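Single-letter residue listing:
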Amino acid sequence: QSKSSFEEKIRFFDPTMQEAVSKRLLLEEDIRRGLQAEEFIPYFQPQLNDIGQATGAEVLARWAHPQHGVLAPGVFIEVAEQAGLIEQIDLQMLRQACQQLAAWQREPDTAALTLAVNLSARLLYLPNFVATLLEFLTQSGADPYRLKLELTETMLLDDMSAAIARMHELREHGIRFSIDDFGTGYSSLSYLQKLPLDQLKIDQSFVRELPENSSSLAIIKAICALADSLQLEVIAEGVETEQQYHELLDLDCRYFQGYLFGRPMPLAEFSHWLRANQTTRPFRFPL
Ligand code: C2E
Ligand code: MG
Ligand code: MG
Ligand code: MG
C-alpha cells in the first residue's frame, strides 16, 4: 500500500467512525476520572446453596457516574480493557471486597459469607498482583478462604504456565478459584488438571435454555459429572425460574445464582436481602 493511498484513507476517513473514535476517547478519559474519584463500586448478587441459604455473593462492578447514574459493565468494560484501565477497576473491586469480607467476619450472622470477584486476564499477569492482593487481605484482615477469584477459560490460554504459577501462589495463601462462563471457552479440558481450582460456574446460556433444550441439559449434566469426578464445586448462574432451579437440583448442582434469588444490589440493599432471606430462615421464593 502506497503512502498516498494511506493518507487518502485517513483524509476520507468515515466521519461516523471518527465520531466513534472520539466518543471512545472521551469515555476513556471519563473512566480515568472515575477511577481517581473512586466511582467504581461493588454490587452484590446472592449465591445460595441447595438448601436455600446464602453462602455469599458475586461482586459485580458498577460505575456510580455523577451525570449518568449507575452504569453496568457493558458500558465501560470493553473500553477499560482496551485502554489498559481494567486492572485498576479490578483492583478497586478487590480492595472493597476484602474490606467487606472483614466487616462481615466481625458479625456472627455474616461471618461465613464468601465473595467471588471477577478478574481480567491482564490483572493475573501483572507482576505485583500477588503482593497487592495479599496486602489488601492483611490490611483489611479478611480471611483469604472467603475470597474466590473468577477467571474465564479464554483468559487462561494467553500464557497458561504463567497463569498456573500465579494461581498456585495465591492458592498457597488460601484464595480460591472458579472458572466463570464454563462451557463456552471451546478449549481443551486438560487444563482442568493443571489448575488449582475449586469451582466451575456453568454459563448462563445453558441455564437459560432449561428445561426445554435437551442439548443444554446434556451439557449441564456433563459439567456436573466432570466437576464431581474432579471434586470441584458447581454453581449455576443465570437461574431465573423455579423450573430451572429444580432441574438443576435434580442434576445435583449444589450452588445457585440468578435473578430468581436476587439481582446484583448495592451493599445496603444486599444487607437487607440477607436479613430477610438468610439469617432467620432459608430463602423463600418471592412468588
Ligand atoms: P459474569 O461474571 O458472567 O456475571 C454474570 C452477569 O450476568 C452479570 O452481569 C449479572 O448481573 C448477570 N446475571 C446474573 N443473574 C442473571 C439472571 O438470572 N439472568 C440474566 N439475564 N443475567 C443475570 P453484569 O453485572 O452486567 O456483568 C457482566 C460481565 O461483566 C460479567 O459477567 C463479567 O464478565 C464482567 N464484570 C463485571 N464486574 C467485573 C469486574 O469487577 N471486573 C471484571 N474484569 N469484569 C467484570
Ligand atoms: Mg463472574
Ligand atoms: Mg458468567
Ligand atoms: Mg460473562
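Note on numbering: residues in each chain are counted from 1, in written sequence order. A letter from A marks each chain and a number from 1 marks each ligand, given out in the order of writing. Given that this is a predicted model, residues contribute local features only at a pLDDT of at least 70 and side-chain atom pairs are listed and counted only at 80 or more, while totals for whole chains, interfaces and linings are drawn from all residues. Excluding hydrogens and water, the side-chain values take into account all heavy atoms of the structure.

Note on conventions: DSSP H or I runs of at least 4 residues are helices, E runs of at least 2 residues are strands, and numbering of each starts at the N terminus. A count of helices and strands for the protein gives 13 helices and 9 strands. For 287 residues, the compact-globule estimate of 2.2 N^0.38 gives 19 Å, and the C-alpha radius of gyration of the protein, at 21 Å, lies within 12% of that figure. Considered along the principal axes of its C-alpha atoms, the protein spans approximately 70 × 45 × 40 Å. A total of 287 residues make up the protein; the buried ones form 47% of that total. Contact criterion: two residues are considered in contact whenever any of their non-hydrogen atoms come within 4.5 Å of each other. Taking the contacts inside the protein whose residues are at least 6 apart along the sequence as the reference set, 66% of them involve residues at least 24 apart. Positive charges come from Lys and Arg, negative ones from Asp and Glu, while His and the chain ends are left out of the count. Charged groups are reduced to one reference atom each: NZ for lysine, CZ for arginine, CG for aspartic acid, CD for glutamic acid. Across the protein, the mean location of the 25 positive side-chain charges is 3 Å away from that of the 40 negative side-chain charges. We compute the radius of gyration from the C-alpha atoms alone; for a globule the expected value is 2.2 Å times N to the 0.38, where N is the number of residues. Each residue is assigned to one of three classes by its accessible area relative to the maximum for its type, calculated with a 1.4 Å probe on protein chains only: buried under 20%, partly exposed between the two thresholds, exposed over 50%.

Every protein donor of the magnesium ion (ligand 3) is accounted for by Asp180 (OD), Asp181 (OD), Glu237 (OE) and Glu237 (OE), and the metal-donor separations fall at 2.0 to 2.7 Å. Note that water is not among the atoms used; donors are N, O and S atoms within 2.8 Å of the metal (3.2 Å for Na, K and Ca), so sites may look incomplete. One chain supplies every donor for the magnesium ion (ligand 3), spaced along it as D-D-x55-E. Here the magnesium ion (ligand 3) and the magnesium ion (ligand 2) are spaced 4.2 Å apart, linked through Asp180, which binds each one. Of this pair, Asp180 sits in strand β6 (residues 176-182) while Glu237 is found in the loop between β8 (233-236) and α12 (242-250), placing the two residues 57 residues apart along the sequence. An identical accessibility class is assigned to Asp180 and Glu237; each is buried.

Turning our eyes to something else, we now look at the site of ligand 1. Lining the immediate environment of ligand 1, one finds 23 residues, of which Asp90, Asp180, Gln204, Glu240 and Tyr259 sit closest. Pairing of N or O atoms within 3.5 Å defines a polar contact, subject to two protein rules: one partner must be a possible hydrogen donor and the other a possible acceptor, and residues neighboring in sequence count only if both atoms are side-chain atoms. A distance of 2.9 Å is found between a nitrogen atom of ligand 1 and a side-chain nitrogen or oxygen belonging to Gln45. With respect to ligand 1, the side chain of Asn118 contributes an N or O atom lying 2.9 Å from an oxygen atom. Note on areas: these come from Shrake-Rupley sampling with a 1.4 Å probe, and a residue is covered only by the protein chains present in the view. With the chains in place, 81% of the 800 Å² that ligand 1 exposes on its own is no longer accessible. Contributions of two or more residues to the shell around ligand 1 are made by β2 (54-65), α3 (73-82), α4 (86-105) and β6. The element that contributes the greatest number of residues to the shell around ligand 1 is β2, accounting for 4 residues. Residues are grouped as follows: Ala, Val, Leu, Ile, Met, Phe, Trp, Tyr, Cys and Pro are nonpolar; Asp, Glu, Lys and Arg are charged; all remaining types, including Gly, are polar. Classifying every residue of the shell around ligand 1 gives 9 nonpolar, 6 polar and 8 charged. We call a residue near a molecule or strand whenever a single non-hydrogen atom of that residue lies within 4 Å of it.

Turning next to the environment of Ala236. Take Ala236: it is sitting in strand β8. Between the alpha carbons of Ala236 and Gly52 there is a distance of 14 Å; along the sequence they are 184 residues apart. Apart from residues no more than four positions distant in its own chain, Ala236 is found in contact with Ile202, Val207, Leu248, Cys253, Tyr255, Phe256 and Gln257.

Everything listed is a geometric property; what it means functionally is a separate question.
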